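Coordinates in review
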Amino acid sequence: MKANIAVIKGDGIGPEIVDEAMKVLRAIEKKYNHQFDFTQILMGGASIDACGVPLSDEALAIAKKSDAVLLGSIGGDTNTSPWYQLPPELRPEAGLLKIRKELGLFANLRPAYLYEQLADACPIKPELIKGGFDMMIMRELTGGLYFGQRSTEMEDGQLVARDAMSYSESEIRRIAYRAFDIARLRRNKVTSVDKANVLDTSRLWRKVVNEVAVEYPDVSLEHMLVDNCAMQLVKNPQQFDVILTENMFGDILSDEASMITGSIGMLSSASLREDKFGMYEPSHGSAPDIASMDKANPIATILSAAMMLRYTFNLVDEAAAIEKAIYDVLEQGYRTVDIFAPGCQQVGCRQMGDLIVENLGD
Ligand code: NAD
């Protein structure tokens, strides 16, 4: 197949980790006879330095015309970088918010997968995670409390602040369809998380998710209250396949889920819209403390590229081949410094990319 991929290397370790992901995609291209056309665009600090804005109209237009976007990470040291002396709308993160909004990315996917080779980094007792865990958190990204009306007003001699949370049926329905579709690519189970014992938005959420579920008789659905889900994630994470939830609950639960994997350099993510288009990026930031030192772990970005193959291009075998190559490299004992354990062999960012390509085979 032929695909146009917009590539945003970004700041800090961004260029290093994206180079390794592109190296792996080139190997897939050759092995499976595809054509990936990469167009590089600027966003974040690199764009501020080059064009004075964190995302130019030209860069956005290229992203919109592409089939998918592969992103490293953006931003600098928030204490020392001059980018953070600029007004908020000109700072690196403004580029990220703008591209998400302009591309209409309403569904955020964050897998939390425990590699057995890295189980020591998991803060949960070994007896609770024997056999690992493998879940996908699906978070609604453009509605709810973070996008509702807000105000802070003086009332009866004191300040009163309000944040409104609202969801429409259509906002819930489109992400529910996505979650059920993705469950079908996995283990056919959706856990929908809400606070239906208190919130109207949650009661509507539950009603719409139940309606969508009727169309997926092969996928099992359970509802779980968010406070219980927060507990279950550390008590029995193996029970989860796809967790579907609204924006704020998803923000909190996805961070909790990534914490229990124990390794930030391994966590990929995708932001999707209704069609096949998506933006794929690691869950971590630009790690300016280790930039240009060949120390970064490129695996989260390489796994994000695998998600792109699976969810945008339907290249399921190719995605699985990348995931298997990563598993094999870990099995062979190679580790970047962030996941290093005694007895393993430490490698840099570039060598980790080379090893994954080698394990893919020709
Ligand atoms: P961070 O995720 O960049 O780093 C936190 C710690 O994890 C650091 O010690 C870093 O060295 C380490 N780390 C992160 N990724 C790693 C990797 N792949 N390999 C090895 N070690 C890794 O978080 P931060 O320091 O809070 O933020 C730095 C910058 O990144 C800030 O400007 C922040 O705004 C930005 N940021 C961007 C995104 C994004 O682009 N989506 C997300 C989060 C943070």
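In this text, all values refer to a predicted model and were calculated from it rather than measured experimentally.

**Here we look at the overall build of the protein**
Helix and strand counts for the protein stand at eleven helices and 14 strands. The C-alpha radius of gyration computed for the protein amounts to 21 Å, which stays within 12% of the reference 21 Å derived for 362 residues, consistent with globular compactness. With the principal axes as the frame, the protein shows a C-alpha extent of 65 × 50 × 40 Å. For the protein, with 362 residues in total, the buried portion stands at 52%. Pairs at least 24 apart in sequence give 74% of the contacts found in the protein among residues at least 6 apart. Surface summary for the protein: the accessible area is close to 16,100 Å², and the carbon and sulfur share equals 52%. Treating the 37 positive side-chain charges of the protein as one cloud and the 52 negative ones as another, the clouds have centres 3 Å apart.

**Things to note about the site of the ligand**
In the region of the ligand, 22 residues are neighbours, and Gly76, Glu93, Gly285, Ala287 and Asn297 sit closest. Separating an oxygen atom of the ligand from a backbone N or O atom of Ser286 is a distance of 3.0 Å. Residue Asn297 places a main-chain N or O atom 2.9 Å away from a nitrogen atom belonging to the ligand. If the ligand stood free it would expose 810 Å²; the protein chains cover 70% of that surface.

**Observations regarding the domain arrangement of the protein**
Its domain assignment divides the protein into domain 1 (1–108 + 278–362) and domain 2 (123–260). Its C-alpha centre places domain 1 at a distance of 26 Å from the equivalent point of domain 2. Counting from both sides, the interface comprises seven residues of domain 1 and, opposite them, twelve residues of domain 2. For the pair domain 1 and domain 2, the two sides together bury roughly 920 Å², of which 69% comes from carbon and sulfur. Our enumeration of links across domain 1 and domain 2 arrives at zero salt bridges.

**A short note on the side chain of Arg139**
With respect to the secondary-structure elements, Arg139 resides in strand β5 (residues 134–140). Here the side chain of Arg139 touches Asn247 through a polar contact of 2.8 Å, side chain to side chain. Residue contacts for Arg139: discarding those within four places in its chain leaves Phe106, Ala107, Asn108, Tyr146, Ile175, Thr245, Glu246, Asn247, Gly250 and Asp251.

**With respect to the side chain of Arg310**
Within the fold, Arg310 resides in helix α9 (residues 299–311). Judged by its relative accessible area of 16%, Arg310 is buried. Ignoring any residue separated from it by four or fewer positions in sequence, one finds Arg310 in contact with Leu315, Val316, Ala319, Ala320 and Glu323.

**Re helix α10 (residues 316–331)**
When the terminal C-alpha atoms of α10 are compared, their 22 Å separation across 16 residues agrees well with the 22 Å that a helix rising 1.5 Å per residue should span. All of the buried residues along α10 are Glu318, Ala319, Ala321, Ile322, Ala325, Ile326, Asp328, Val329 and Leu330. Of the residues one or two after α10, Gly333 is the one with positive phi, at around 95 degrees.

**What to know about the packing of helix α1 (residues 14–32) against α9**
Viewed as axis vectors pointing N to C, α1 and α9 meet at an angle of 45 degrees, and their least axial separation amounts to 8 Å. Comparing their axes, α9 and α1 come out oblique. Seen from above, α1 lies across α9 with right-handed handedness. Between α1 and α9, the contacting residues are Ile17, Val18, Glu20, Ala21, Val24, Leu25 and Ile28 on the first element and Thr301, Ile302, Ala305, Met308 and Leu309 on the second.

**Let's talk about the pattern of salt bridges**
Taken as a whole, this structure holds 28 salt bridges when the rule is applied. The residue Asp255 makes a salt bridge to Arg110 at a minimum N-O spacing of 3.1 Å. Remark: Arg110 occurs in strand β4 (residues 107–113) and Asp255 occurs in helix α8 (residues 247–261); sequence separation between them is 145 residues. The class for Arg110 is buried, based on a relative accessible area of 15%.

**What to know about the environment of Tyr311**
Tracing the chain through its elements places Tyr311 in helix α9. Of the residues examined, Tyr311 reaches a relative accessible area of 5% and is grouped as buried. Separated by 171 residues in the primary sequence, Tyr311 and Glu140 place their C-alpha atoms 17 Å from one another.

**A closer look at the pairing of strand β1 (residues 2–10)**
Most of β1 is tucked away: seven of the nine residues are buried. For β1 and strand β2 (residues 35–40), the ladder comprises six bridges, and the chain directions are parallel. Across the sheet, residue Ala3 finds its bridge partner in β2, namely Phe36. Handedness of the β-α-β unit built from β1, α1 and β2 comes out right-handed. In this structure, β1 lies alongside strand β3 (residues 68–73), joined through five bridges in parallel fashion. Opposite Val7, over in β3, you have Leu70 as the bridge partner.

Thresholds applied
Residues numbered from 1 in each chain as written. Predicted model: local features only at pLDDT ≥ 70, side-chain atom pairs only at ≥ 80, totals over all residues. Heavy atoms only, no water. Helix = DSSP H or I, 4+ residues; strand = E, 2+ residues; numbered from the N terminus. Rg over C-alpha atoms; globule rule 2.2 N^0.38 Å. Buried < 20%, exposed > 50% of the residue type's maximum accessible area, 1.4 Å probe, protein only. Contact = heavy atoms within 4.5 Å. Areas by Shrake-Rupley, 256 points an atom, 1.4 Å probe, with all protein chains shown as cover. Lys, Arg positive; Asp, Glu negative; His and termini not counted. Charge placed at Lys NZ, Arg CZ, Asp CG, Glu CD. Near = heavy atom within 4 Å. Polar contact = N/O pair within 3.5 Å; in protein donor to acceptor, adjacent residues only side chain to side chain. Domains from an automatic or database assignment. Buried area = accessible area lost by both parts, 1.4 Å probe. Salt bridge = Lys/Arg side-chain N within 4 Å of Asp/Glu carboxyl O. Expected span 1.5 Å × (residues − 1). Axes fitted to C-alpha atoms, helices over the stretch in contact; angles between N-to-C directions. Parallel < 35°, antiparallel > 145°, perpendicular 65-115°, else oblique. Left-handed = near helix turned anticlockwise from the far one by under 90°. Pairing = 2+ DSSP bridges. Right-handed = clockwise from strand over helix to strand, strands pointing away.

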